[in-house]
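Below are the chains, spelled out letter by letter.
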Amino acid sequence: MTTSPRSNWNYPTAVRFGAGRIAELAEACKAVGMSAPLIVTDPFLAAQPMTKAALDQLTGAGLRAAIFSEIKPNPVETNVYKGLEVLRSGQHDGVVAFGGGSALDAGKVIAFMAGQTQPMWDFEDIGDWWTRADPKGILPIVAVPTTAGTGSEVGRAGVITQEATHTKKVIFHPLMMPKIVICDPELTVGMPPHITAGTGLDALAHCIEAYCAPGYHPMADGIAVEGIRLVKQYLPRAYKDGRDIEARAQMMSAAAMGATAFQKGLGAIHALSHPTGALYDTHHGLTNAVFMPYVLVYNRKAIEERIERLAAYIGLQPSFQAFLDWVLQLRKDLGVPHTLEGLKVDAARFDEMSEMAPNDPTAGGNPVPITKESSRKLFEDALAGRL
Ligand SMILES: NC(=O)c1ccc[n+]([C@@H]2O[C@H](COP(=O)([O-])OP(=O)(O)OC[C@H]3O[C@@H](n4cnc5c(N)ncnc54)[C@H](O)[C@@H]3O)[C@@H](O)[C@H]2O)c1
Ligand SMILES: [Fe+2]
(Lines give C-alpha, C1' and ligand atoms only; values in the text may rest on other atoms or scores of the structure.)
(Ligands and ions follow the chains in the order given, each with its own letter.)
Protein backbone atom coordinates (compact mmCIF):
# COMPACT_ATOMS: atom_id res chain seq x y z
CA MET A 1 0.00 0.00 0.00
CA THR A 2 1.29 3.47 -0.80
CA THR A 3 0.92 6.46 1.47
CA SER A 4 0.36 10.04 0.54
CA PRO A 5 3.31 12.34 1.35
CA ARG A 6 2.88 15.04 3.99
CA SER A 7 5.11 18.00 4.80
CA ASN A 8 5.28 21.76 5.39
CA TRP A 9 6.80 24.04 2.76
CA ASN A 10 7.88 27.62 3.10
CA TYR A 11 8.86 28.29 -0.46
CA PRO A 12 7.41 30.28 -2.10
CA THR A 13 4.71 30.70 0.56
CA ALA A 14 3.53 28.62 3.49
CA VAL A 15 2.08 25.43 2.02
CA ARG A 16 0.26 22.96 4.26
CA PHE A 17 0.49 19.83 2.21
CA GLY A 18 -1.22 16.51 2.75
CA ALA A 19 -4.44 14.53 2.65
CA GLY A 20 -7.06 15.76 5.12
CA ARG A 21 -5.43 19.12 5.78
CA ILE A 22 -8.54 21.01 4.69
CA ALA A 23 -9.45 20.48 8.37
CA GLU A 24 -6.99 23.32 9.09
CA LEU A 25 -8.87 25.89 7.00
CA ALA A 26 -10.53 27.81 9.83
CA GLU A 27 -7.35 27.92 11.85
CA ALA A 28 -5.45 29.13 8.75
CA CYS A 29 -7.97 31.92 8.19
CA LYS A 30 -7.64 33.02 11.82
CA ALA A 31 -3.84 32.82 11.62
CA VAL A 32 -3.82 35.43 8.84
CA GLY A 33 -6.21 37.70 10.72
CA MET A 34 -9.56 36.96 9.08
CA SER A 35 -12.81 37.12 11.02
CA ALA A 36 -15.16 37.28 8.02
CA PRO A 37 -13.74 35.33 5.07
CA LEU A 38 -15.43 35.23 1.67
CA ILE A 39 -15.07 31.88 -0.09
CA VAL A 40 -14.64 32.57 -3.81
CA THR A 41 -15.39 29.54 -5.97
CA ASP A 42 -17.26 28.50 -9.13
CA PRO A 43 -20.91 27.39 -9.42
CA PHE A 44 -20.10 23.70 -9.92
CA LEU A 45 -17.86 23.55 -6.87
CA ALA A 46 -20.29 25.63 -4.78
CA ALA A 47 -22.75 22.75 -5.12
CA GLN A 48 -20.24 20.10 -3.99
CA PRO A 49 -20.25 18.71 -0.43
CA MET A 50 -16.59 19.66 0.09
CA THR A 51 -17.38 23.34 -0.38
CA LYS A 52 -20.36 23.19 1.96
CA ALA A 53 -18.09 21.40 4.48
CA ALA A 54 -15.51 24.19 4.19
CA LEU A 55 -18.20 26.83 4.85
CA ASP A 56 -19.53 24.83 7.81
CA GLN A 57 -16.03 24.51 9.23
CA LEU A 58 -15.53 28.30 9.05
CA THR A 59 -18.88 29.23 10.57
CA GLY A 60 -18.51 26.47 13.18
CA ALA A 61 -15.22 28.10 14.23
CA GLY A 62 -16.99 31.41 14.81
CA LEU A 63 -16.05 33.08 11.54
CA ARG A 64 -18.64 35.12 9.64
CA ALA A 65 -18.16 33.34 6.32
CA ALA A 66 -20.07 33.39 3.04
CA ILE A 67 -19.68 31.97 -0.47
CA PHE A 68 -19.45 33.90 -3.75
CA SER A 69 -19.58 31.56 -6.73
CA GLU A 70 -20.25 33.62 -9.86
CA ILE A 71 -16.92 32.75 -11.45
CA LYS A 72 -16.84 31.20 -14.90
CA PRO A 73 -14.00 29.08 -16.31
CA ASN A 74 -11.57 31.57 -17.91
CA PRO A 75 -12.89 34.28 -15.54
CA VAL A 76 -13.90 37.65 -16.93
CA GLU A 77 -13.72 41.13 -15.41
CA THR A 78 -17.43 41.25 -14.57
CA ASN A 79 -16.89 38.17 -12.33
CA VAL A 80 -14.25 40.12 -10.41
CA TYR A 81 -16.33 43.31 -10.10
CA LYS A 82 -19.40 41.36 -8.93
CA GLY A 83 -17.25 39.59 -6.34
CA LEU A 84 -15.86 42.92 -5.17
CA GLU A 85 -19.39 44.20 -4.62
CA VAL A 86 -20.24 41.14 -2.53
CA LEU A 87 -16.96 41.41 -0.61
CA ARG A 88 -17.49 45.08 0.22
CA SER A 89 -21.18 44.91 1.01
CA GLY A 90 -20.60 41.90 3.27
CA GLN A 91 -17.64 43.65 4.94
CA HIS A 92 -15.42 40.64 4.46
CA ASP A 93 -11.84 40.92 5.63
CA GLY A 94 -10.19 38.17 3.62
CA VAL A 95 -10.68 35.70 0.78
CA VAL A 96 -10.57 31.92 0.68
CA ALA A 97 -9.83 31.26 -2.99
CA PHE A 98 -11.27 27.76 -3.41
CA GLY A 99 -11.19 25.84 -6.70
CA GLY A 100 -9.31 25.47 -9.94
CA GLY A 101 -7.19 28.20 -11.50
CA SER A 102 -10.30 30.15 -12.49
CA ALA A 103 -11.61 30.53 -8.93
CA LEU A 104 -8.12 30.94 -7.47
CA ASP A 105 -7.22 33.71 -9.93
CA ALA A 106 -10.53 35.53 -9.52
CA GLY A 107 -10.42 35.18 -5.71
CA LYS A 108 -6.89 36.54 -5.58
CA VAL A 109 -7.71 39.53 -7.79
CA ILE A 110 -10.86 40.28 -5.74
CA ALA A 111 -8.76 40.33 -2.53
CA PHE A 112 -6.17 42.51 -4.25
CA MET A 113 -8.74 44.97 -5.60
CA ALA A 114 -10.59 45.28 -2.26
CA GLY A 115 -8.92 48.53 -1.27
CA GLN A 116 -7.83 49.88 -4.66
CA THR A 117 -9.42 52.95 -6.18
CA GLN A 118 -8.08 52.49 -9.72
CA PRO A 119 -9.58 50.14 -12.30
CA MET A 120 -8.21 46.61 -12.39
CA TRP A 121 -6.55 47.04 -15.79
CA ASP A 122 -4.19 49.62 -14.29
CA PHE A 123 -2.47 46.69 -12.62
CA GLU A 124 -1.78 44.61 -15.70
CA ASP A 125 1.58 42.87 -15.58
CA ILE A 126 3.36 45.26 -17.90
CA GLY A 127 6.33 47.21 -16.53
CA ASP A 128 5.95 48.26 -12.90
CA TRP A 129 2.42 49.63 -12.88
CA TRP A 130 1.66 47.38 -9.96
CA THR A 131 3.81 49.66 -7.75
CA ARG A 132 0.93 52.16 -7.85
CA ALA A 133 -1.32 49.79 -5.92
CA ASP A 134 -2.10 50.56 -2.29
CA PRO A 135 -0.54 47.63 -0.41
CA LYS A 136 -2.74 48.35 2.64
CA GLY A 137 -5.80 47.76 0.49
CA ILE A 138 -4.93 44.12 -0.23
CA LEU A 139 -6.83 41.59 1.87
CA PRO A 140 -5.21 38.35 3.06
CA ILE A 141 -5.77 35.27 0.91
CA VAL A 142 -5.89 31.59 1.85
CA ALA A 143 -5.75 29.45 -1.30
CA VAL A 144 -7.25 25.98 -1.59
CA PRO A 145 -6.67 24.35 -5.00
CA THR A 146 -9.10 21.66 -6.15
CA THR A 147 -7.35 20.98 -9.46
CA ALA A 148 -3.66 20.16 -9.94
CA GLY A 149 -2.43 22.27 -12.81
CA THR A 150 -2.25 26.04 -12.77
CA GLY A 151 -0.28 26.41 -9.54
CA SER A 152 -2.08 29.73 -9.08
CA GLU A 153 -2.09 28.95 -5.35
CA VAL A 154 1.63 29.76 -5.18
CA GLY A 155 1.61 32.60 -7.72
CA ARG A 156 1.44 36.36 -7.54
CA ALA A 157 -0.85 36.87 -10.51
CA GLY A 158 -4.40 36.32 -11.68
CA VAL A 159 -5.38 35.75 -15.31
CA ILE A 160 -8.60 37.61 -16.16
CA THR A 161 -10.22 38.02 -19.58
CA GLN A 162 -10.96 41.59 -20.66
CA GLU A 163 -14.36 41.31 -22.28
CA ALA A 164 -14.06 44.37 -24.54
CA THR A 165 -10.95 43.03 -26.28
CA HIS A 166 -11.44 39.29 -25.66
CA THR A 167 -7.92 39.27 -24.27
CA LYS A 168 -6.54 37.31 -21.33
CA LYS A 169 -4.64 39.75 -19.15
CA VAL A 170 -2.36 39.09 -16.22
CA ILE A 171 -3.01 41.15 -13.08
CA PHE A 172 0.08 41.10 -10.89
CA HIS A 173 1.14 42.19 -7.44
CA PRO A 174 3.68 40.56 -5.09
CA LEU A 175 1.15 40.79 -2.26
CA MET A 176 -1.38 38.81 -4.27
CA MET A 177 0.55 35.76 -3.12
CA PRO A 178 -1.71 33.75 -0.78
CA LYS A 179 -0.52 33.90 2.82
CA ILE A 180 -1.33 30.23 3.42
CA VAL A 181 -2.00 27.46 0.89
CA ILE A 182 -3.78 24.25 1.78
CA CYS A 183 -2.84 21.54 -0.72
CA ASP A 184 -5.15 18.66 0.15
CA PRO A 185 -5.12 16.02 -2.60
CA GLU A 186 -8.44 14.61 -1.38
CA LEU A 187 -10.11 17.73 -2.81
CA THR A 188 -8.96 16.76 -6.31
CA VAL A 189 -10.25 13.18 -6.47
CA GLY A 190 -13.55 14.31 -7.99
CA MET A 191 -11.91 15.71 -11.13
CA PRO A 192 -13.11 13.75 -14.15
CA PRO A 193 -10.35 12.26 -16.36
CA HIS A 194 -10.47 15.00 -19.02
CA ILE A 195 -9.96 17.74 -16.40
CA THR A 196 -7.25 15.67 -14.70
CA ALA A 197 -5.52 15.45 -18.09
CA GLY A 198 -5.97 19.11 -19.05
CA THR A 199 -4.86 20.51 -15.71
CA GLY A 200 -1.97 18.05 -15.35
CA LEU A 201 -0.70 18.98 -18.81
CA ASP A 202 -0.89 22.66 -17.84
CA ALA A 203 1.54 21.83 -15.02
CA LEU A 204 3.74 20.04 -17.57
CA ALA A 205 3.59 23.07 -19.92
CA HIS A 206 4.65 25.37 -17.07
CA CYS A 207 7.62 23.16 -16.21
CA ILE A 208 8.73 22.70 -19.85
CA GLU A 209 8.39 26.37 -20.75
CA ALA A 210 10.14 27.53 -17.57
CA TYR A 211 12.99 25.08 -18.15
CA CYS A 212 13.38 26.18 -21.79
CA ALA A 213 13.02 29.91 -21.15
CA PRO A 214 16.29 31.76 -21.66
CA GLY A 215 17.87 33.42 -18.64
CA TYR A 216 19.73 32.26 -15.54
CA HIS A 217 17.60 30.65 -12.91
CA PRO A 218 19.01 27.26 -11.96
CA MET A 219 16.65 27.02 -8.99
CA ALA A 220 13.63 27.29 -11.31
CA ASP A 221 15.30 24.82 -13.71
CA GLY A 222 15.79 22.29 -10.91
CA ILE A 223 12.21 22.61 -9.76
CA ALA A 224 10.95 22.32 -13.35
CA VAL A 225 12.80 19.10 -14.22
CA GLU A 226 11.62 17.34 -11.07
CA GLY A 227 8.10 18.62 -11.79
CA ILE A 228 8.30 17.02 -15.24
CA ARG A 229 9.46 13.74 -13.71
CA LEU A 230 6.49 13.77 -11.33
CA VAL A 231 4.08 14.40 -14.22
CA LYS A 232 5.62 11.50 -16.17
CA GLN A 233 5.29 9.12 -13.25
CA TYR A 234 1.97 10.18 -11.76
CA LEU A 235 -0.28 11.88 -14.31
CA PRO A 236 -1.14 8.63 -16.13
CA ARG A 237 -1.94 7.07 -12.74
CA ALA A 238 -4.17 9.97 -11.63
CA TYR A 239 -5.92 9.85 -15.02
CA LYS A 240 -6.53 6.11 -14.82
CA ASP A 241 -7.66 6.04 -11.21
CA GLY A 242 -8.87 9.36 -9.82
CA ARG A 243 -8.91 7.90 -6.31
CA ASP A 244 -5.18 7.13 -6.35
CA ILE A 245 -4.38 9.58 -3.58
CA GLU A 246 -0.61 9.28 -3.92
CA ALA A 247 -0.80 10.16 -7.62
CA ARG A 248 -3.18 13.03 -6.84
CA ALA A 249 -0.76 14.34 -4.18
CA GLN A 250 2.26 14.13 -6.47
CA MET A 251 0.35 16.00 -9.19
CA MET A 252 -0.50 18.75 -6.67
CA SER A 253 3.23 19.08 -6.05
CA ALA A 254 3.97 19.17 -9.79
CA ALA A 255 1.39 21.94 -10.23
CA ALA A 256 2.85 24.09 -7.45
CA MET A 257 6.35 23.39 -8.79
CA GLY A 258 5.39 24.49 -12.31
CA ALA A 259 4.08 27.83 -11.11
CA THR A 260 7.11 28.31 -8.86
CA ALA A 261 9.42 27.57 -11.79
CA PHE A 262 7.67 29.87 -14.25
CA GLN A 263 8.84 32.94 -12.39
CA LYS A 264 11.71 32.36 -14.88
CA GLY A 265 9.36 32.75 -17.85
CA LEU A 266 6.83 30.91 -20.02
CA GLY A 267 6.76 30.81 -23.80
CA ALA A 268 4.92 30.21 -27.05
CA ILE A 269 2.72 27.38 -25.74
CA HIS A 270 1.03 29.88 -23.45
CA ALA A 271 1.29 32.76 -25.94
CA LEU A 272 -0.69 30.72 -28.51
CA SER A 273 -3.02 29.25 -25.91
CA HIS A 274 -4.14 32.54 -24.36
CA PRO A 275 -5.74 34.03 -27.52
CA THR A 276 -7.28 30.63 -28.30
CA GLY A 277 -8.80 30.38 -24.81
CA ALA A 278 -9.96 33.99 -24.82
CA LEU A 279 -11.71 33.71 -28.21
CA TYR A 280 -13.00 30.13 -28.05
CA ASP A 281 -13.31 29.56 -24.28
CA THR A 282 -11.32 26.32 -24.54
CA HIS A 283 -9.83 24.74 -21.41
CA HIS A 284 -6.46 26.36 -20.73
CA GLY A 285 -4.44 23.24 -19.97
CA LEU A 286 -5.96 21.19 -22.76
CA THR A 287 -5.22 24.00 -25.21
CA ASN A 288 -1.60 24.11 -24.03
CA ALA A 289 -1.38 20.36 -24.52
CA VAL A 290 -2.51 20.65 -28.14
CA PHE A 291 0.17 23.28 -28.91
CA MET A 292 2.97 21.60 -26.94
CA PRO A 293 4.64 19.41 -29.62
CA TYR A 294 4.34 22.06 -32.35
CA VAL A 295 6.10 24.61 -30.14
CA LEU A 296 8.78 22.11 -29.09
CA VAL A 297 9.58 21.50 -32.76
CA TYR A 298 9.55 25.25 -33.49
CA ASN A 299 12.04 25.81 -30.65
CA ARG A 300 14.14 22.73 -31.39
CA LYS A 301 17.40 24.44 -32.41
CA ALA A 302 17.48 26.57 -29.28
CA ILE A 303 16.53 23.89 -26.77
CA GLU A 304 17.89 20.61 -28.15
CA GLU A 305 20.78 20.28 -25.73
CA ARG A 306 18.68 21.18 -22.68
CA ILE A 307 15.99 18.73 -23.73
CA GLU A 308 18.57 15.94 -24.09
CA ARG A 309 19.63 16.47 -20.46
CA LEU A 310 16.00 16.58 -19.37
CA ALA A 311 15.19 13.40 -21.30
CA ALA A 312 17.99 11.56 -19.51
CA TYR A 313 16.81 12.83 -16.11
CA ILE A 314 13.28 11.56 -16.60
CA GLY A 315 14.44 8.14 -17.76
CA LEU A 316 14.27 8.50 -21.55
CA GLN A 317 16.98 8.15 -24.21
CA PRO A 318 18.90 11.45 -24.08
CA SER A 319 17.52 12.82 -27.33
CA PHE A 320 15.10 15.51 -28.42
CA GLN A 321 13.19 12.96 -30.48
CA ALA A 322 12.71 10.65 -27.48
CA PHE A 323 11.27 13.55 -25.47
CA LEU A 324 8.99 14.61 -28.31
CA ASP A 325 7.79 11.02 -28.75
CA TRP A 326 7.03 10.82 -25.03
CA VAL A 327 4.98 14.03 -25.17
CA LEU A 328 3.06 12.75 -28.19
CA GLN A 329 2.35 9.40 -26.55
CA LEU A 330 1.31 10.99 -23.25
CA ARG A 331 -1.14 13.30 -25.06
CA LYS A 332 -2.57 10.32 -26.89
CA ASP A 333 -2.88 8.21 -23.73
CA LEU A 334 -4.70 11.08 -22.00
CA GLY A 335 -7.17 11.61 -24.83
CA VAL A 336 -5.82 15.00 -25.92
CA PRO A 337 -6.64 15.92 -29.52
CA HIS A 338 -3.64 16.20 -31.83
CA THR A 339 -5.00 19.21 -33.71
CA LEU A 340 -6.97 22.38 -33.06
CA GLU A 341 -9.94 20.77 -34.76
CA GLY A 342 -10.38 18.69 -31.61
CA LEU A 343 -10.92 21.95 -29.68
CA LYS A 344 -13.45 23.13 -32.31
CA VAL A 345 -11.06 25.86 -33.39
CA ASP A 346 -10.77 26.59 -37.12
CA ALA A 347 -8.79 29.09 -39.19
CA ALA A 348 -11.52 31.77 -39.16
CA ARG A 349 -9.82 33.93 -36.51
CA PHE A 350 -6.16 33.12 -37.23
CA ASP A 351 -5.51 36.74 -38.32
CA GLU A 352 -6.59 38.06 -34.91
CA MET A 353 -4.91 35.23 -33.00
CA SER A 354 -1.60 35.77 -34.83
CA GLU A 355 -1.69 39.47 -33.89
CA MET A 356 -2.41 38.63 -30.27
CA ALA A 357 0.10 35.82 -29.67
CA PRO A 358 3.37 37.80 -30.00
CA ASN A 359 1.87 40.51 -27.77
CA ASP A 360 0.93 38.09 -25.00
CA PRO A 361 3.06 38.74 -21.90
CA THR A 362 4.31 35.14 -21.99
CA ALA A 363 5.68 35.40 -25.56
CA GLY A 364 8.91 37.06 -24.44
CA GLY A 365 10.00 33.89 -22.61
CA ASN A 366 10.07 31.76 -25.74
CA PRO A 367 13.64 30.71 -26.61
CA VAL A 368 13.01 31.48 -30.31
CA PRO A 369 11.29 34.84 -30.86
CA ILE A 370 7.75 34.59 -32.17
CA THR A 371 6.30 37.03 -34.67
CA LYS A 372 2.92 37.49 -36.25
CA GLU A 373 4.09 35.35 -39.20
CA SER A 374 5.59 32.54 -37.14
CA SER A 375 2.54 32.50 -34.85
CA ARG A 376 0.31 32.11 -37.87
CA LYS A 377 2.46 29.24 -39.13
CA LEU A 378 2.22 27.57 -35.70
CA PHE A 379 -1.58 27.96 -35.65
CA GLU A 380 -1.76 26.50 -39.16
CA ASP A 381 0.52 23.58 -38.23
CA ALA A 382 -1.55 22.88 -35.12
CA LEU A 383 -4.71 22.84 -37.24
CA ALA A 384 -3.25 20.59 -39.91
CA GLY A 385 -1.40 18.32 -37.46
CA ARG A 386 1.89 19.14 -39.23
CA LEU A 387 4.93 18.55 -37.05
N1 LIG B 1 -2.41 32.32 -12.12
C2 LIG B 1 -1.68 31.56 -12.88
O3 LIG B 1 -0.48 31.58 -12.77
C4 LIG B 1 -2.32 30.67 -13.90
C5 LIG B 1 -1.55 29.70 -14.54
C6 LIG B 1 -2.16 28.89 -15.48
C7 LIG B 1 -3.50 29.03 -15.76
N8 LIG B 1 -4.23 30.00 -15.15
C9 LIG B 1 -5.67 30.18 -15.42
O10 LIG B 1 -6.39 29.19 -14.70
C11 LIG B 1 -7.62 28.89 -15.39
C12 LIG B 1 -7.75 27.39 -15.57
O13 LIG B 1 -7.78 26.75 -14.33
P14 LIG B 1 -8.02 25.17 -14.20
O15 LIG B 1 -7.32 24.49 -15.29
O16 LIG B 1 -7.68 24.76 -12.82
O17 LIG B 1 -9.56 24.99 -14.50
P18 LIG B 1 -10.88 25.72 -13.93
O19 LIG B 1 -10.63 26.38 -12.64
O20 LIG B 1 -11.42 26.57 -15.03
O21 LIG B 1 -11.81 24.46 -13.71
C22 LIG B 1 -12.18 23.64 -14.80
C23 LIG B 1 -13.43 22.86 -14.43
O24 LIG B 1 -13.10 21.90 -13.43
C25 LIG B 1 -14.06 21.95 -12.37
N26 LIG B 1 -13.40 21.48 -11.15
C27 LIG B 1 -12.47 22.12 -10.40
N28 LIG B 1 -12.08 21.35 -9.37
C29 LIG B 1 -12.79 20.20 -9.46
C30 LIG B 1 -12.85 19.00 -8.67
N31 LIG B 1 -12.06 18.82 -7.61
N32 LIG B 1 -13.71 18.05 -9.07
C33 LIG B 1 -14.48 18.19 -10.17
N34 LIG B 1 -14.48 19.29 -10.96
C35 LIG B 1 -13.63 20.28 -10.60
C36 LIG B 1 -14.50 23.39 -12.35
O37 LIG B 1 -15.75 23.53 -11.73
C38 LIG B 1 -14.53 23.73 -13.83
O39 LIG B 1 -15.75 23.35 -14.40
C40 LIG B 1 -7.56 29.64 -16.71
O41 LIG B 1 -8.34 30.82 -16.64
C42 LIG B 1 -6.09 29.97 -16.86
O43 LIG B 1 -5.86 31.12 -17.66
C44 LIG B 1 -3.66 30.80 -14.21
FE1 LIG C 1 -0.85 27.69 -17.75
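Residues numbered from 1 in each chain as written. Chains lettered and ligands numbered in written order. Predicted model: local features only at pLDDT ≥ 70, side-chain atom pairs only at ≥ 80, totals over all residues.

Trainee: Mind laying out the environment of Ser89, listing which residues take part and the relevant values?
Mentor: Checked against the element boundaries, Ser89 lands in helix H4 (residues 77-89). The exposure class of Ser89 is exposed, given the 8 C-beta atoms found within 10 Å. As a C-alpha pair, Ser89 and His173 span 84 residues in sequence and 24 Å in three-dimensional space. (Helix = DSSP H or I, 4+ residues; strand = E, 2+ residues; numbered from the N terminus. Buried ≥ 20, exposed ≤ 12 C-beta atoms within 10 Å, placed from the backbone.)

Trainee: Quick one: what's the story with the domain arrangement of the chain, residue by residue and with numbers?
Mentor: When its domains are assigned, the chain resolves into domain 1 (7-187) and domain 2 (192-384). In this structure, domain 1 and domain 2 have C-alpha centres spaced 25 Å apart. Residue-level contacts link 26 residues of domain 1 with 26 residues of domain 2. The element that contributes the greatest number of residues to the side of domain 1 that touches domain 2 is strand E8 (residues 167-172), accounting for three residues. Each residue belonging to the side of domain 1 that touches domain 2 can be placed in one class, and the counts come to 10 nonpolar, 12 polar and four charged. (Domains from an automatic or database assignment. Contact = placed C-beta atoms within 7 Å. Nonpolar A, V, L, I, M, F, W, Y, C, P; charged D, E, K, R; others polar.)

Trainee: Explain the site of ligand 1 residue by residue, including any values.
Mentor: Taken together, the neighbourhood of ligand 1 is formed by 31 residues, with Pro73, Gly100, Gly101, Ser102 and Gly190 sitting nearest. Secondary structure elements with two or more residues in the shell around ligand 1: helix H2 (43-46), helix H5 (101-113), strand E7 (157-162), helix H6 (193-212) and helix H10 (284-313). Examining the composition of the shell around ligand 1, we find that four residues originate from one element, H5, more than from any other. Here the residues of the shell around ligand 1 are counted per class, giving 10 nonpolar, 17 polar and four charged. Looking at which domains feed residues into the shell around ligand 1, each of domain 1 (7-187) and domain 2 (192-384) supplies at least three. (Near = placed C-beta within 6 Å.)

Trainee: With reference to specific residues and values, describe the environment of Asp122.
Mentor: The topology assignment puts Asp122 in the loop between H5 and strand E6 (141-145). Taking the C-beta count within 10 Å as the criterion, Asp122 has 13 such neighbours and is therefore assigned partly exposed. When the C-alpha atoms of Asp122 and Asn366 are compared, they prove to be 26 Å apart, with 244 residues separating the residues in sequence. Setting aside residues no more than four positions away along its own chain, Asp122 makes contact with Trp129 and Arg132.

Trainee: Can you break down unusual backbone geometry residue by residue, with the values?
Mentor: Even without being glycine, Asp281 reaches a positive phi, approximately 55°. Looking at the element boundaries, Asp281 is found in the loop between helix H9 (268-280) and H10.

Trainee: A description of the pairing of strand E3 (residues 37-40) should follow, citing residues and the corresponding values.
Mentor: Side-chain alternation along E3 places Pro37 and Ile39 on one buried face and Leu38 and Val40 on a second face that is also buried. Pairing between E3 and strand E4 (residues 66-68): three bridges, direction parallel. Following the sheet pairing, Ile39 is matched in E4 by Ile67. (Pairing = 2+ DSSP bridges.)

Trainee: Any details on the packing of H9 against helix H12 (residues 350-359)? Residues and values, ideally.
Mentor: H12 packs onto H9 with a crossing angle of 130° between their chain directions and a minimal axis gap of 8 Å. In this view, H9 runs oblique relative to H12, as classed from their interaxial angle. By crossing handedness, the relation of H9 to H12 is classed as right-handed. Counted together, Ala271, Leu272, Pro275, Thr276 and Leu279 of H9 and Met353, Met356 and Ala357 of H12 form the full contact between these two elements. (Axes fitted to C-alpha atoms, helices over the stretch in contact; angles between N-to-C directions. Parallel < 35°, antiparallel > 145°, perpendicular 65-115°, else oblique. Left-handed = near helix turned anticlockwise from the far one by under 90°.)

Trainee: Explain the UniProt feature "domain: Alcohol dehydrogenase iron-type/glycerol dehydrogenase GldA" (unreviewed entry) in the chain to me, and be specific about the residues and the numbers.
Mentor: When the UniProt feature table is mapped onto this chain numbering, "domain: Alcohol dehydrogenase iron-type/glycerol dehydrogenase GldA" (unreviewed entry) sits at residues 12-185. Secondary structure content for residues 12-185 is 28% helix and 22% strand, and the end C-alpha separation is 19 Å. (UniProt positions renumbered as here; feature names shortened; annotations may be inferred.)

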